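Listed below are the residues making up each chain.
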Amino acid sequence: MKFNFFKKAYDNEESKKIVTPENADSYVVNNVLHKMLGIKDIIKGDSLYCPKWEMTLTPKVVELNDQKVTLNIFINSPRWKNELFECVSALGKDSEQAIGVACGSFIFSFIDGLRKMENDEYPETFETDFAGKKHLWKAYKSDIVGLGENISDISPQFYWNLLKDEIIKRLGNQKLCYVKIYIAKTDKQTIGECRIDDVKNDELSDLVAKSAENRSVKEFASQKMFFFIKQDDSTVIPYDYWGSEGFNALKGKVKTAMELFAECDTDELYDTLITRTAEKIGDDILAEECLSFIPEICAENAFYEVSYSEILDIMPVEKDKISCYKNQLSDYYLIQRAVLTLLSSGEFGNSTDEIYKKYIGYSAIGHAMSSVLQKGDKLDGIKMAALIFNVSENFKIR
């Protein structure tokens, strides 16, 4: 089946049309992905809609030349509450073949995992506890897609056994969590990558890389696969900012919080900032998170050479410290995405750079890095410990 797909994607007369940057998105939809997903799909512009899964799939060609393609693929469904994303690159003897290989890699790994999840095929079941609540889960393993030399003794179960304990520790109240595993190996170098909800995890990436160090490869071999981890509806706690509409609502509130922060020029304004932000946006928890997280998010972006802990220590007034992974918090990466989107799109006009620098100056990371630079030391190789965030006694983890 896999061999036939690649043959059809390249040899079919209809697919031999010349691909250009102008028609590439349409070509991928109409000439390659359409009718190849294994479920019924309907062409809607430069997207495919699959009624069975209520899924819209939109590919965007971001790089194209005679022998290489890079695709960004956005996958949305109200069933999953969040936008899924995959970036896939491939080589070929021409652009049409490269596109066929890239799309095949996507279908036989990412779509294969989605299909198993939607059909409830061979799940791994387990339970977690987060913020005092029990959560039930099922994990589904995609097939492995390999390029180059064959590594036949490695199975999807191998990677699940390798990573499951670490992945489970990073689950919070997600409706759906997806994990990408990628390994590329030559006779001299091993690259391993593990991404949770499309955020690279350094600790798990190291585990993946080490697992492949002793594999014998003469020239080149790569493997890619996915886990799709779905929470049982019975234990999902409703969340206001899921989906594209939810994110847009959160982004609007984050923008308001950033504007109020930018206006602070006296101690009194800083001291009342959280209260005023909560009143303005109608979300007490998000107001505290914005003041706690946004300065550090800006500083991490500025001092990108440094390695940062994925653990946050949250200290409510007169209560015990709560340690959790950033992945576990429903708001953290959405706030990060909102902040970076607002800053990069120039939402604050001529004040954008000033707001960015003001946040960095307010951050614990900014103060620490300033001390390092003043001593003449380099930032490369620095690893930050978990940051401590002081919050009110009414703050709740979500």
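Just above sits the structure.
Residues numbered from 1 in each chain as written. Predicted model: local features only at pLDDT ≥ 70, side-chain atom pairs only at ≥ 80, totals over all residues. Heavy atoms only, no water.

Asker: Looking at this structure, I do not really get the packing of aromatic side chains. What am I missing?
Answerer: Each aromatic ring pair is summarised here by two numbers: the centre-to-centre distance and the angle between the ring planes. Considering all chains together, one arrives at 19 aromatic pairs under this definition. Ring geometry for Phe110 versus Phe226: centroids 5.0 Å apart, planes at 75°, classification edge-to-face. A residue pair is termed long-range when its members are at least 10 positions apart, and Phe110 in helix H3 (residues 95–118) and Phe226 in strand E12 (residues 220–231) qualify at 116 residues. Every member of this aromatic cluster is reached through a ring pair, and the members are Phe106, Phe110, Tyr178, Phe226 and Phe228. A cation sits over an aromatic face here: Lys44 above Tyr49, 4.6 Å from the ring centre. (Phe/Tyr/Trp six-rings, centres within 6.5 Å; stacked < 30°, edge-to-face > 60°. Helix = DSSP H or I, 4+ residues; strand = E, 2+ residues; numbered from the N terminus. Lys NZ or Arg CZ within 6 Å of the ring centre and 35° of its normal.)

Asker: What's the story with helix H4 (residues 156–169) in this structure? I'm lost.
Answerer: Within an α-helix, residues lying three or four positions from one another point in the same direction, as the helix has 3.6 residues per turn. A rise of 1.5 Å per residue sets the reference length of H4, with its 14 residues, at 20 Å; its end C-alpha atoms lie 20 Å apart and thus fit the reference within 8%. Of all the bends found along H4, the most pronounced is centred on Leu163 and spans about 55°. Buried within H4 are the following residues: Tyr159, Trp160, Leu163, Glu166 and Ile167. On the buried face of H4, the contacting elements are strand E6 (124–130), strand E7 (133–141), strand E9 (176–186), strand E10 (190–196), helix H5 (202–212) and E12. (Expected span 1.5 Å × (residues − 1). Bend = angle between axes of the 7 residues up to and from the residue. Buried < 20%, exposed > 50% of the residue type's maximum accessible area, 1.4 Å probe, protein only. Contact = heavy atoms within 4.5 Å.)

Asker: What should I look at first to understand the nonpolar core in this one?
Answerer: Most often, soluble globular proteins keep nonpolar side chains buried together rather than apart. Counting residues in each nonpolar core, the largest one holds 54 residues, and the members touching the most others are Val254, Met258, Ile294, Phe303 and Val339. Among the elements of the structure, helix H6 (243–262), helix H8 (273–281), helix H9 (284–302), strand E13 (311–316), helix H10 (332–344), helix H11 (352–362), helix H12 (364–374) and strand E15 (387–391) are those that each provide at least two residues to this core. Once residues within four sequence positions are removed from consideration, Ile294 is found in contact with Val254, Met258, Glu289, Ile335, Val339 and Tyr359. By size, the runner-up hydrophobic cluster in this structure holds 41 residues, among which are Leu57, Ala90, Phe106 and Val145. (Core = buried A, V, L, I, M, F, W, Y, C linked by side-chain atoms within 4.5 Å.)

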